[in-house]
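Each chain, written out:
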Amino acid sequence: MNIFAGCDVGSLTAKAVIMKNNRIIGSSIIKSKPRPKDSADAAFHEALSDAGVSEDEIKYCIGTGYGREKIEFVDEVVSEITCHGKGARWMLPTAETVIDIGGQDCKTMKIDKDGNVGRFSANDKCASGTGRFLEVMAKVLNVGIDELGRLSQKAKDPITLASTCTVWAQADVIKYINSGVPIEDIGAGINSAMAARVAILVNAVKPEGDIFMTGGVAKNVGVVSTLEKLIGKRIKRARKADPQIAGAIGAALLSMEKVNGKMAA
Amino acid sequence: MRPEIKEYNYDWLMGHAVAAAAKVPAGMQKETELTLRYIPNFRGVAESFINAGPPGIQFMGLLAKYYENILAARDQGKMIVGTTFCNTPAILYAMDIVPATFEVLTAIGCLIWKRGMFDYMDYCCEVGMPETSCSSQRGFLGAYLAGLCEKIDFVICDTPGVCDTNANAFAFASAYLDKPFFQLNYPSSIGDDRSQTYHIDDYKAMIRFIEKQCGKKLDYDRLAEILKEIDKQDALTADMEDMLMLVPTPIPPIFNVIIYASRFCFAGHKIYTEILETMVETSKQRVAAGVPGSASGEEKLRAFMCYIDHYTVDMNFYDYLEERGVAHTGSILTRNFRDDNKYVQDLEGSSYGIDTSTPDAMLDSIAQMNARYPMVRSIRGPYDKHGMWLEESLALAKMYNADCILYNGTPGCRNTWGMIKPFARDMEKYGYPTHIMNDDAFDDRVESWDATKERLDEFFHVRGLL
Amino acid sequence: MKIFNDAATQVQCESITQWKKEGKPVVGYTCSYAPAEIFYAADILPVRLRGIETEGMEVADTYFGPFICSFPKCILQLAGKGKFSFLDGAIITPGCDGMRRLDECWRKAGEDFDGIVPDYFYYFDVPHKSENHGMAWYIEEVKELIKSLENHFNVSITNEKLKTAIKVFNKGRRILKEIEDLRGKDDVVVSGTDVFAATVAGTVIPRDEYTKELKKWATALKKRKTSLSKEKKRVMLVGSVSDEIDLFQLIENTDKAIIVGENLCFGIRYQGNEISEDGDPLESLAAHYLGASVCPRMFGKYKERLKILKDRIDHTKAEGVIMQNIRFCDLHGAENALFERDLEAIGIPCLRVEREYGPHIDAGRMKLRINAFLERIDAKSDQKSTEPLSVSA
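No experiment lies behind these values; they were computed from the predicted model shown.

The rules behind these values
- Residues numbered from 1 in each chain as written.
- Chains lettered and ligands numbered in written order.
- Predicted model: local features only at pLDDT ≥ 70, side-chain atom pairs only at ≥ 80, totals over all residues.
- Heavy atoms only, no water.
- Helix = DSSP H or I, 4+ residues; strand = E, 2+ residues; numbered from the N terminus.
- Rg over C-alpha atoms; globule rule 2.2 N^0.38 Å.
- Buried < 20%, exposed > 50% of the residue type's maximum accessible area, 1.4 Å probe, protein only.
- Contact = heavy atoms within 4.5 Å.
- Buried area = accessible area lost by both parts, 1.4 Å probe.
- Salt bridge = Lys/Arg side-chain N within 4 Å of Asp/Glu carboxyl O.
- Polar contact = N/O pair within 3.5 Å; in protein donor to acceptor, adjacent residues only side chain to side chain.
- Nonpolar A, V, L, I, M, F, W, Y, C, P; charged D, E, K, R; others polar.
- Domains from an automatic or database assignment.
- Phe/Tyr/Trp six-rings, centres within 6.5 Å; stacked < 30°, edge-to-face > 60°.
- Axes fitted to C-alpha atoms, helices over the stretch in contact; angles between N-to-C directions.
- Parallel < 35°, antiparallel > 145°, perpendicular 65-115°, else oblique.
- Left-handed = near helix turned anticlockwise from the far one by under 90°.
- Pairing = 2+ DSSP bridges.

Draft legend 1. Broad picture of the overall build of chain A. Scanning chain A from terminus to terminus reveals eight helices and ten strands. Relative to the 2.2 N^0.38 estimate, which gives 18 Å for 265 residues, the radius of gyration of chain A is 18 Å and therefore close to what a compact globule would have. When its C-alpha atoms are laid out on the principal axes, chain A stretches across 60 × 40 × 30 Å. Per-residue burial for chain A yields a buried fraction of 60% across its 265 residues.

Draft legend 2. Broad picture of the interface of chain C and chain B. Taken residue by residue, the interface counts 48 residues in chain C and 52 residues in chain B. For the pairing of chain C and chain B, the buried interface totals around 4,200 Å² over both sides, and the portion due to carbon and sulfur atoms is 53%. By the criterion of area lost to chain B, the three top residues of chain C are F67(C), W137(C) and F299(C), representing 16% of everything that side buries. Here chain C and chain B share eleven salt bridges between them. Among the salt bridges present, the one from R194(B) reaches E141(C), with a minimum N-O distance of 3.0 Å. Linking chain C to chain B there are 39 residue pairs in polar contact (both at pLDDT 80 or more). When contributions to the side of chain C that touches chain B are tallied by element, the ones reaching two or more residues are α4 (58-63), α6 (97-100), α7 (102-112), α8 (132-153), α15 (302-316) and α16 (330-344) of chain C. Among the residues forming the side of chain C that touches chain B, the class breakdown is 19 nonpolar, nine polar and 20 charged.

Draft legend 3. View of the side chain of D330(C). Locating D330(C) in the fold gives a position in helix α16. A distance of 2.9 Å separates polar atoms of two side chains, one belonging to D330(C) and the other to T132(B). Polar contacts involving the side chain of D330(C) include one to the side chain of R414(B), which spans 2.8 Å. Not counting residues within four places of it along the chain, the set of residues in contact with D330(C) comprises P130(B), T132(B), S133(B), T165(B), N168(B), G412(B) and R414(B).

Draft legend 4. Highlighting the domain arrangement of chain A. Residues and elements named next belong to chain A. For chain A, the assigned domains are domain 1 (1-92 + 245-265) and domain 2 (94-237). Each of domain 1 and domain 2 has a C-alpha centre, and the two are 25 Å apart. With 16 residues of domain 1 at the contact, the number on the domain 2 side is 27 residues. Its largest share of buried area at the contact with domain 2, domain 1 owes to I81, R89 and L92, together 41% of the area lost on that side. Taken together, the links from domain 1 to domain 2 amount to two salt bridges. For the salt bridge of E80 with K107, the shortest nitrogen-to-oxygen distance reads 3.0 Å. Seen at the junction of domain 1 and domain 2, the total is ten residue pairs in polar contact (both at pLDDT 80 or more). For the side of domain 1 that touches domain 2, the element with the highest residue contribution is helix α2 (residues 80-91), accounting for nine residues. Taken together, the residues of the side of domain 1 that touches domain 2 sort by class into seven nonpolar, four polar and five charged.

Draft legend 5. Expanded view of the packing of aromatic side chains. Residues and elements named next belong to chain B. One pass over the structure, following the stated rule, counts 46 aromatic pairs over all chains. Between the aromatic rings of Y10 and F140, the centroid separation amounts to 6.5 Å while the plane-to-plane angle is 55°, which identifies the pairing as tilted. Here F140 lies in helix α8 (residues 135-145) and Y10 lies in helix α1 (residues 10-23), a separation of 130 residues in the sequence. On the accessibility criterion, F140 (1% relative accessible area) is buried. On the basis of an interplanar angle of 75° and a centroid distance of 5.9 Å, the ring pair of Y383 and F423 is categorised as edge-to-face. Taken as a pair, Y383 in the loop between α15 (359-370) and α16 (389-399) and F423 in helix α18 (residues 420-429) lie far apart in primary sequence, 40 residues in all. What makes Y383 buried here is its relative accessible area of 0%. Among the residues examined, F423 registers a relative accessible area of 0% and is labelled buried.

Draft legend 6. Quick look at the packing of helix α11 (residues 220-244) of chain B against α15(B). All names here are of chain B. The interhelical angle for the contact between α11 and α15, taken along N-to-C directions, is 50°, at an axis separation of 11 Å. Between α11 and α15, the crossing angle belongs to the class labelled oblique. The chirality of how α11 crosses α15 is left-handed. Packed against α11, whose contacting residues are Y220, L223, A224, L227 and I230, the element α15 presents P359, M362, L363, I366 and M369 at the interface.

Draft legend 7. Highlighting the domain arrangement of chain C. Residues and elements named next belong to chain C. The assigned domain composition of chain C is domain 1 (2-153) and domain 2 (160-392). When each unit is reduced to the centre of its C-alpha atoms, the spacing between domain 1 and domain 2 is 23 Å. When the two sides are added together, the surface that domain 1 and domain 2 hide from each other amounts to roughly 4,300 Å², 71% of it contributed by carbon and sulfur. Of all residues in domain 1, F4, E37 and Y40 bury the most surface against domain 2, accounting for 19% of the area lost on that side.

Draft legend 8. Quick look at the sheet that holds strand β4 (residues 120-123) of chain C. Residues and elements named next belong to chain C. The four strands lie next to each other as β2-β1-β3-β4, forming an open sheet whose pairing is parallel. Strands at the two margins of the open sheet, each flanked by one partner only, are β2 (45-48) and β4. Neighbour-to-neighbour, the strand axes of the sheet open up by a mean angle of 20°, direction not taken into account. Here strand β3 (residues 89-92) pairs with β4 via four bridges, running parallel. Among the inter-strand pairings, G89 is bridged to a residue of β4, identified as Y120. Where α8 meets the sheet, its contacts fall on β1 (26-29), β3 and β4, and the angle it forms with β4 comes to roughly 170°.

Draft legend 9. Representation of the interface of chain B and chain A. Counting residues at the interface gives 17 residues for chain B and 16 residues for chain A. Taking both sides of the interface into account, the surface hidden between chain B and chain A amounts to around 1,300 Å²; carbon and sulfur atoms contribute 49%. Considering only the surface of chain B that becomes buried against chain A, E126(B), E131(B) and R445(B) emerge as the three largest contributors, covering 36% of it. If you look at where chain B meets chain A, you find one salt bridge. In this structure, E131(B) engages R197(A) in a salt bridge whose closest nitrogen and oxygen atoms are separated by 2.9 Å. Joining chain B to chain A, the criterion identifies three residue pairs in polar contact (both at pLDDT 80 or more). Elements represented by at least two residues in the side of chain B that touches chain A include exactly α7 (118-126) and α19 (449-462) of chain B. Here the side of chain B that touches chain A takes four residues from α19(B), the largest share from any one element.

What follows is the structure in structure tokens.
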């Protein structure tokens with residue numbers, strides 16, 4: 001059987017994808033557990049049961065993400081930048097620039113027609129342009145991470161968040177909450193601050209062609225729409241799969257390439 | 001950078017905004033009030049300067065003139081040089097070159113651009129400058145690198161050895177756009193024979209470089225005229241300094257920025273002399289009438305800024321000092337270290353004199369003056385060595401009867417952040433409550449003005465100053 | 001190799017301890033502008049100061065502000081913890097804003113922690129230009145330093161002794177150059193980690209002993225047959241100051257890369273160049289230490305440095321360049337961006353990454369970027385090998 005798997009263990013979530021004949025037959029997204037190994041096992045087994053296949057049927061599996069070194073069942077590990085490039089091109093076959101915002105990292109990459117990554121840039125050690133930033137802020141606002149994105153659309157007079165440093169910004173947000181500023185306006189300010197950070201990285205690689213966004217933050221409409229304004233280009237959506245599992249898809253595709261050669265993929 | 005911003009020529013935009021603002025106070029009071037309604041974005045700044053009286057209004061005219069020069073340079077066949085605030089423009093004016101001073105241009109942008117200079121600062125990061133580099137250059141530099149400004153013919157900086165981060169921004173600009181570059185370089189000491197000789201050798205090398213770039217020789221008669229004007233300006237500034245020492249001082253906080261910003265833009269030009277004359281006149285009148293400089297009408301506290309001021313959005317900082325009744329007794333940028341100034345008498349080797357008798361004397365004067373420009377003079381060597389930051393700050397704080405010391409800078413200032421903690425500790429040992437402000441003078445995103453203000457209030461309160 | 005590894009990974013290695021046992025002085029210096037030869041001439045052991053083995057930052061954070069590079073902070077932290085108690089002297093150079101403030105911060109920490117400032121504490125003022133008066137200033141500075149060493153340590157540093165020192169150091173420089181040539185071969189028999197450890201060791205071990213050990217090692221290397229570069233990407237490592245063997249290991253332990261060259265403050269860029277043995281020794285030292293400096297603190301020399309880097313890439317046949325800067329190192333950060341722009345334009349893949357120094361490095365983050373970069377070079381070389389085929393098809 002030509003069944004392949006990809007497993008992406010990130011700092012906030014773990015994702016797994018099972019693919020057969022270039023199609024997704026099972027997938028999973030779970031919240032990361034303290035130990036990456038446990039996250040990988042749980043995500044992988046959930047995806048297997050979603051696909052209705054057993055572990056033995058998997059011909060090859062590639063692991064990626066922060067916890068990739070700790071996954072026991074994979075045949076090989078590949079960096080998530082490479083996986084996201086691959087996965088993005090599969091999800092949107094015209095994509096040339098990919099923005100991926102993960103829990104601890106934000107990267108922008110140029111990809112070729114095969115989804116191979118060319119020039120890329122990644123954030124510095126600060127958490128300010130990452131999913132972690134949004135998570136911390138959502139917690140302060142006491143809203144879900146998904147709801148945070150939608151707040152932008154309801155905002156009437158978005159605040160300007162002075163600092164994009166996670167620590168400083170948190171203090172500012174608390175101050176706004178205490179002074180009675182509507183939560184929508186604060187949320188919108190948070191999303192804009194995040195988008196501004198990401199825009200620097202995106203512009204640094206000089207985006208060309210279709211731009212596609214992967215990672216959980218791609219689902220935050222507030223961030224995406226502000227980012228579009230800042231870079232002056234549309235960010236394409238793809239309905240083929242959840243952008244959060246792009247890395248896992250890329251890993252599964254690379255598994256397939258590994259066994260079948262490039263043509264088969 | 002967002003695409004719509006790239007649609008506007010930055011110099012043109014700023015130049016015209018400043019020119020328009022300078023015309024606002026020209027009408028009747030009612031007309032002025034009406035016009036202000038049409039400039040909501042920089043109404044705050046314009047009002048601050050208009051409220052400062054004639055010197056403030058003249059200062060807006062000076063900024064307009066500064067931009068006018070930059071915008072007209074091409075048509076007038078003049079070259080434009082990118083340079084830094086602590087390099088005297090006098091030598092450039094003597095050679096008919098128009099200076100584009102990065103930090104001044106960033107500060108102007110910060111004051112009047114609605115969102116601050118964020119878009120331009122971030123553009124520098126987009127092309128690869130580290131986000132940790134100093135915001136004082138990154139604002140204007142972003143616009144310049146994006147091709148939104150008048151073309152610069154070459155770049156000169158005088159900060160290597162003083163502030164390498166500053167020098168690095170200029171070196172980057174030159175390499176990025178492939179423009180000729182010259183660095184004046186300062187040793188870590190001042191006042192000794194070796195350093196004095198080095199200052200002159202290096203300055204001469206700079207003049208040779210400029211002569212080569214513009215294909216003409218330095219006109220010493222012209223230089224003499226400019227230096228004589230500087231002589232006058234220094235004397236007027238000394239008068240201002242004398243009045244700053246009075247308790248209460250008749251000098252409002254905003255006059256400080258006018259003194260140094262004008263010097264950075266137009267040292268040696270009549271337009272600066274005229275502003276100083278008006279300031280001296282206004283201040284003398286206040287002394288005679290017994291009116292303190294602060295708008296609140298009361299001087300509750302005397303603060304000495306041991307480094308620079310805070311420039312973001314709407315002159316917030318100066319207005320805050322006014323409201324609280326805090327006298328601003330100057331910053332590192334305000335002083336000029338002319339040899340007959342009171343505060344230099346105890347600081348051996350720290351001063352310069354102006355002698356226009358021979359070309360050599362002139363070169364000597366301008367080189368030694370430049371070596372004593374703000375920051376260049378006292379931030380070069382270890383802060384506790386002779387002639388450096390601690391000695392200077394203590395002498396000034398004492399002379400100006402300061403009640404406390406405030407440090408404000410930018411996170412890009414590797415130089416002062418490398419020594420501010422022990423420096424502040426030493427100042428405290430000498431009895432000066434010292435507050436380290438954590439914000440960025442040019443970028444509100446580092447710390448919001450509200451947070452900065454709260455911390456200042458907290459400091460004044462906890463230390464029992466206000 | 002063991003002696004090199006020990007010296008490169010320990011602040012106080014065995015040879016320093018041995019030297020101290022003989023009752024001879026040790027002087028630390030912070031920057032590559034300090035000519036080690038003059039210490040040799042005075043029978044003083046020069047030791048380049050480093051920040052490895054740092055745990056915590058509480059001492060450094062007391063004196064340095066928050067926006068300072070972690071390299072000088074780590075040195076101060078070690079000083080505060082008494083790890084440099086073997087020093088009889090220290091020389092601070094204004095290599096950059098952060099490094100020159102080590103002068104104040106170290107002295108001020110000495111007011112709070114007894115005995116952490118060596119008796120001999122000297123500020124060595126290096127200009128930012130090497131033309132005429134810059135060169136003259138530097139020579140003058142070296143003379144002053146010599147005078148001060150003579151006075152404090154009661155030694156005599158003559159021109160004859162300096163000439164001998166230059167000759168002794170040159171021996172080692174020549175061997176390093178031979179090793180460097182091995183790294184340019186198609187089959188590289190030595191890892192970048194080992195060469196770098198040997199280079200760093202040269203800033204710590206007494207020179208005579210070092211030259212002897214280096215010679216032994218180089219002879220052994222020349223006999224090696226096993227290629228370490230097969231199936232691996234050849235990369236160069238450039239940027240901010242580094243003496244971190246683990247950074248090299250981090251890259252080479254991916255098993256996908258071999259470091260064939262570096263342009264780092266502790267690397268071969270200095271050790272490899274010989275110093276003129278003729279003429280005035282002070283002028284020869286100045287021509288080397290100041291005149292041949294490739295540090296971005298020598299402002300306005302970007303084009304010269306780009307050319308040197310390109311030559312090194314050619315010489316080492318590097319397929320990609322990893323450019324790192326320690327956070328708050330604006331000089332290398334900005335220059336890396338220019339290098340990246342100009343090298344990518346001629347088809348050399350570059351990875352630009354910001355990091356913390358030494359023990360504070362975030363290995364996971366770095367690894368992710370390095371792996372992705374190596375995969376990128378891999379995809380690029382795959383394409384190269386398939387391209388002609390698709391043309392003929």
